[in-house]
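# Breakdown of the fold
Letter by letter, the chains look like this.
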Amino acid sequence: MPEYLSTAPTRGTRDFLPAEMSVRTQVFGHLYDVIERYGFLRYDGPILEPAEIYELKSGQEIADQQLYTLTDKGGRRLALRPEMTPSVARMIAGTAKSLQFPVRWYSHPNCHRYEKPQRGRVREHWQINVDIFGSESSNTEIEIFELIHDMMEELGASKDMFEIRANDRNLLASALTDIVGVGPLQLPEVFALVDRWEKYPVEKLAASAEEIGLADKQFEKLTEILASGEALLDELPESVKEASNLVKVLKTSAAGLIRFDPMIVRGLAYYTSTVFEVFDTSPENRRALFGGGAYSDLAGMFTAQKIPGIGFGMGDVTLMDFLETHGLAPAPRSEVDVVVVPTAEELSDAAREVAGRLRKAGLRTSTPLELRKLGKELTRADKAGARAVVIVGQEDWDAGNVTVRSLATREQQQVPLDSTAAAVTALLA
Ligand code: HAM
């Protein structure tokens, strides 16, 4: 017996067969529309990048555990991109001279991370990236939050289905230093601990805090401030609050778009102030749906020019889980709207002519590649999701007519060739 190779995709990666692809195309098409209505321009870039652009700025988790690296035949150390932000920072830095800042850019790359496959996590995911470069105004935060709300609304989500939780790393650093008494060297580790706060049981958190060198009292205080929500702001020095874009946002009408939450820090190392994550309010999806933040110096890897950025990455896996949980995923589209069936092989040319007219009118149309009996063709058309069939018979054709049939009601009518597209369009309406 020959040994066949597996037809399954590599662990952690997915095939998208046409039905699934149809759902995704509709979902992402809606999202591109909303993003472009804000004036964002789409870009793309290579899947392979120098490994060091992630090792320098993305943080330990990505660099040490999740990066797919390779050495190419020219001896270059490359990585499959685990995220898009370093790439877009590279492109912005490289073309800065010709750009009129601030710029709004978006993309939809596939990203690779070597993670343990589980609900919401795979090894290749598709991530919509939306970023604004070249402005430090708090209006950038407001625009990003508004955009997220519009994107979710476009997908049919109501306000009670999701929540944007936002924080500013500088506010948290101030609270940790001044209130909890965390030392400057402990700060990065405490940030990493806060990032795991909702994922770990309390005993594990306490053990990690002890390893970092926090006393019991400090751990208690830390627990207290993380749970304090917006009340924490009353405890922080004015100078720190004045420098925070997020605090500014909280004083505008956009405050209602978010919830201030000291627990949000995010895993990536390059965020320098505002950070946010969007959560599904359903307990079925406890992981963040997507997230992002502001980074003042990521382009600094490539240029001396200071180009701040702010944006987010929205992954397809968590988004589809969200849509399915809330019954918002669209149905796959049918293969075609209409099938043109000749009653005999000799009429194939005629059928192709009719099909051409229907396609010109914007209808998704097919004709049989291997003609079967009319009854069989009607069944196949029905299975393909067509709602109309145009039958081309010899007598009709000789008189300049065709027969338009509804697959739902089985009613049919004879129409002149010139009126076929109008008759089918009316039937589909
Ligand atoms: P991130 O939080 O690492 O941020 O990823 C953003 C989103 O991508 C996640 O919330 C999730 O939806 C999705 N995602 C990430 N890893 C996986 C995975 N292994 N499997 C499935 N989905 C995943 C970033 O990547 C930032 N570069 C986003 C950003 C853009 N910040 C500013 N601009």
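Attention in this report is confined to the structure presented alongside it. (Residues numbered from 1 in each chain as written. Predicted model: local features only at pLDDT ≥ 70, side-chain atom pairs only at ≥ 80, totals over all residues. Heavy atoms only, no water.)

## Description of the overall build of the protein
The cut-off we apply is this: Each helix is a run of DSSP H or I of at least 4 residues and each strand a run of E of at least 2, with the numbering of both proceeding from the N terminus. Here the radius of gyration uses the C-alpha set of atoms, whereas the globule reference equals 2.2 Å times the residue count to the power 0.38. Think of it in three bands: residues with accessible area under 20% of the maximum for their type are buried, residues over 50% are exposed, and the middle band is partly exposed, with areas taken using a 1.4 Å probe on protein chains only. Only the protein chains shown count as cover for residues, and the accessible areas themselves come from Shrake-Rupley with a 1.4 Å probe. The convention is simple: Lys and Arg are positive, Asp and Glu are negative, and His and the chain ends are not counted. A charged residue contributes its charge at one atom only: NZ of Lys, CZ of Arg, CG of Asp or CD of Glu.
Scanning the protein from N- to C-terminus turns up 16 helices and 17 strands. Expected size for 429 residues packed as a compact globule is a radius of gyration near 22 Å; at 28 Å, the protein overshoots this value by more than 25%. Taken along the three principal axes of its C-alpha coordinates, the protein extends 90 × 60 × 50 Å. Across the 429 residues that make up the protein, the buried fraction comes to 50%. When the accessible surface of the protein is totalled, it reaches about 21900 Å², and 50% of it is carbon and sulfur. Here the protein carries 48 positive and 63 negative side-chain charges, and the mean point of each set is 4 Å from the other.

## Observations concerning the site of the ligand
The cut-off we apply is this: To be near a molecule or strand, a residue needs just one of its heavy atoms within 4 Å of it. The definition of a polar contact used here is a pair of N or O atoms within 3.5 Å, where within protein one atom must be able to donate a hydrogen and the other to accept one, and adjacent residues in sequence count solely through side-chain atom pairs.
Close to the ligand lie 26 residues; Glu83, Thr85, Glu115, Asp131 and Tyr271 are nearest. In this structure, His125 approaches the ligand through a side-chain N or O atom, which is 3.3 Å from a nitrogen atom. Interatomic distance of 2.9 Å between a side-chain N/O atom of Tyr270 and a nitrogen atom of the ligand. Counting only elements with at least two residues in the shell around the ligand, the list comes to strand S7 (124-133), strand S11 (288-295), strand S12 (309-315) and helix H12 (316-325). Top contributing element to the shell around the ligand by residue count: S11, with 5 residues.

## Some remarks on the environment of Leu289
Threshold: Contact between two residues is taken to exist if any of their heavy atoms lie within 4.5 Å; hydrogens are not considered.
Locating Leu289 in the fold gives a position in strand S11. A relative accessible area of 4% means that Leu289 is categorised as buried. Measuring from C-alpha to C-alpha, the distance between Leu289 and Asp321 comes to 8.8 Å, with 32 residues separating the pair along the chain. Residue contacts for Leu289: discarding those within four places in its chain leaves Met152, Val278, Phe279, Asp280, Gly315, Thr318, Leu319 and Phe322.

## Some words on the pattern of salt bridges
Stated precisely, the cut-off is as follows: Salt bridge, as used here, is a side-chain nitrogen of Lys or Arg placed within 4 Å of a carboxyl oxygen of Asp or Glu.
Taken as a whole, this structure holds 20 salt bridges when the rule is applied. Here Arg165 and Asp261 are joined by a salt bridge, their closest N and O atoms 2.8 Å apart. Of the two residues, Arg165 is situated in strand S8 (residues 162-168) and Asp261 in the loop between strand S9 (258-260) and strand S10 (274-280); the sequence distance between them amounts to 96 residues. Accessibility assignment for this pair places Arg165 and Asp261 in one class, buried. The partner of Arg357 in a salt bridge is Glu353, with the nearest N and O atoms 3.6 Å apart. In this pair, Arg357 and Glu353 are both assigned in helix H13 (residues 348-360), 4 residues apart and thus about one turn of the helix distant. The exposure class assigned to Arg357 is partly exposed, which follows from its relative accessible area of 34%.

## Focus on the sheet that holds strand S15 (residues 388-392)
Short version of the rule: DSSP calls a pair of strands paired once it identifies at least 2 bridges connecting them. Here an angle of 0 to 180 degrees is reported between the N-to-C directions of two axes, which are lines fitted to C-alpha atoms, with helices fitted over the stretch in contact.
Spatially, S14-S13-S15-S16-S17 is the arrangement adopted by the 5 strands of the open sheet, whose pairing is mixed. The open sheet has two free edges, formed respectively by strand S14 (365-366) and strand S17 (412-416), since each of these has just one partner strand. By the bridge criterion, 4 bridges tie S15 to strand S16 (residues 401-406) in an arrangement that is antiparallel. Considered in S16, the bridge of Val389 is made with Arg405. Contacting strand S13 (338-342), S14, S15 and S16, H13 crosses the sheet at an angle of about 160° to S13.

## Quick word on the layout of surface pockets
Short version of the rule: Throughout, the protein atoms alone are placed on a 1 Å grid, and a set of points is a cavity if a 1.4 Å probe fits but cannot get out or a pocket if it is open with protein on both sides within 12 Å along at least five of seven lines; lining residues have an atom within 4 Å of a point. Grid points are joined across faces, edges and corners, and a volume is the space filled by probe spheres set on the points. Side-chain classes follow a simple rule in which Ala, Val, Leu, Ile, Met, Phe, Trp, Tyr, Cys and Pro form the nonpolar group, Asp, Glu, Lys and Arg form the charged group, and the remainder, Gly included, forms the polar group.
Computed from the structure, the second largest pocket encloses a volume of approximately 240 Å³. In this structure, the second largest pocket is lined by 13 residues; those nearest its centre are Ser366, Thr367, Pro368, Glu377 and Arg380. Per-element accounting of the lining of the second largest pocket gives the leading share, 3 residues, to helix H14 (residues 374-383). The class makeup of the residues in the lining of the second largest pocket is 6 nonpolar, 2 polar and 5 charged.

## Side note on a nonpolar patch on the surface
We count it as follows: Surface patches are defined over residues having more than 30% relative accessible area and no salt bridge, joining like charges when they lie within 9 Å and nonpolar side chains (Val, Leu, Ile, Met, Phe, Trp, Tyr) when within 5 Å.
A surface patch of nonpolar side chains, about 200 Å² in accessible area, is lined by Ile47, Leu48 and Leu70. A residue is classified by how much of its surface remains accessible, and Ile47, at 30% relative accessible area, is partly exposed.

## A short note on the sheet that holds strand S2 (residues 48-50)
An order of S2-S4-S3 is seen for the 3 strands of this open sheet, with the pairing classed as antiparallel. The open sheet has two free edges, formed respectively by S2 and strand S3 (68-71), since each of these has just one partner strand. Neighbouring strand axes in the sheet, compared pairwise and without regard to direction, differ in orientation by 40° on average. By the bridge criterion, 3 bridges tie S2 to strand S4 (residues 77-80) in an arrangement that is antiparallel. The residue of S4 that forms the bridge with Pro50 is Leu78.

## Digging into the packing of aromatic side chains
Counted only if it meets this: Only rings of Phe, Tyr and Trp enter the pairing, Trp through its six-membered ring, and a pair is recorded when the two centres are within 6.5 Å. The plane angle decides the type: under 30 degrees is stacked, over 60 is edge-to-face, the rest tilted. Here, a charge over a ring means that NZ of Lys or CZ of Arg falls within 6 Å of the ring centre while also lying within 35 degrees of the ring normal.
Inspection of every chain in the model, using the stated rule, returns 10 aromatic pairs. Pairing Tyr68 with Tyr114 gives two aromatic rings, centres 5.7 Å apart and planes at 75°, and the pair type is edge-to-face. Of this pair, Tyr68 sits in strand S3 while Tyr114 sits in the loop between strand S6 (110-112) and S7, and the two are 46 residues apart along the sequence. Accessibility expressed as a relative area gives 45% for Tyr114, which makes it partly exposed. Aromatic side chains Phe276 and Phe312 sit 6.5 Å apart centroid to centroid with 70° between the ring planes, which places their arrangement in the edge-to-face category. Here Phe312 lies in strand S12 and Phe276 lies in strand S10, a separation of 36 residues in the sequence. Here Phe276 matches Phe312 in class, with each residue buried. The ring of Tyr114 carries Arg123 above its face, with NZ or CZ at 3.9 Å from the centroid. Taking NZ or CZ as reference, Arg165 lies 4.3 Å from the ring centre of Phe279, over its face.

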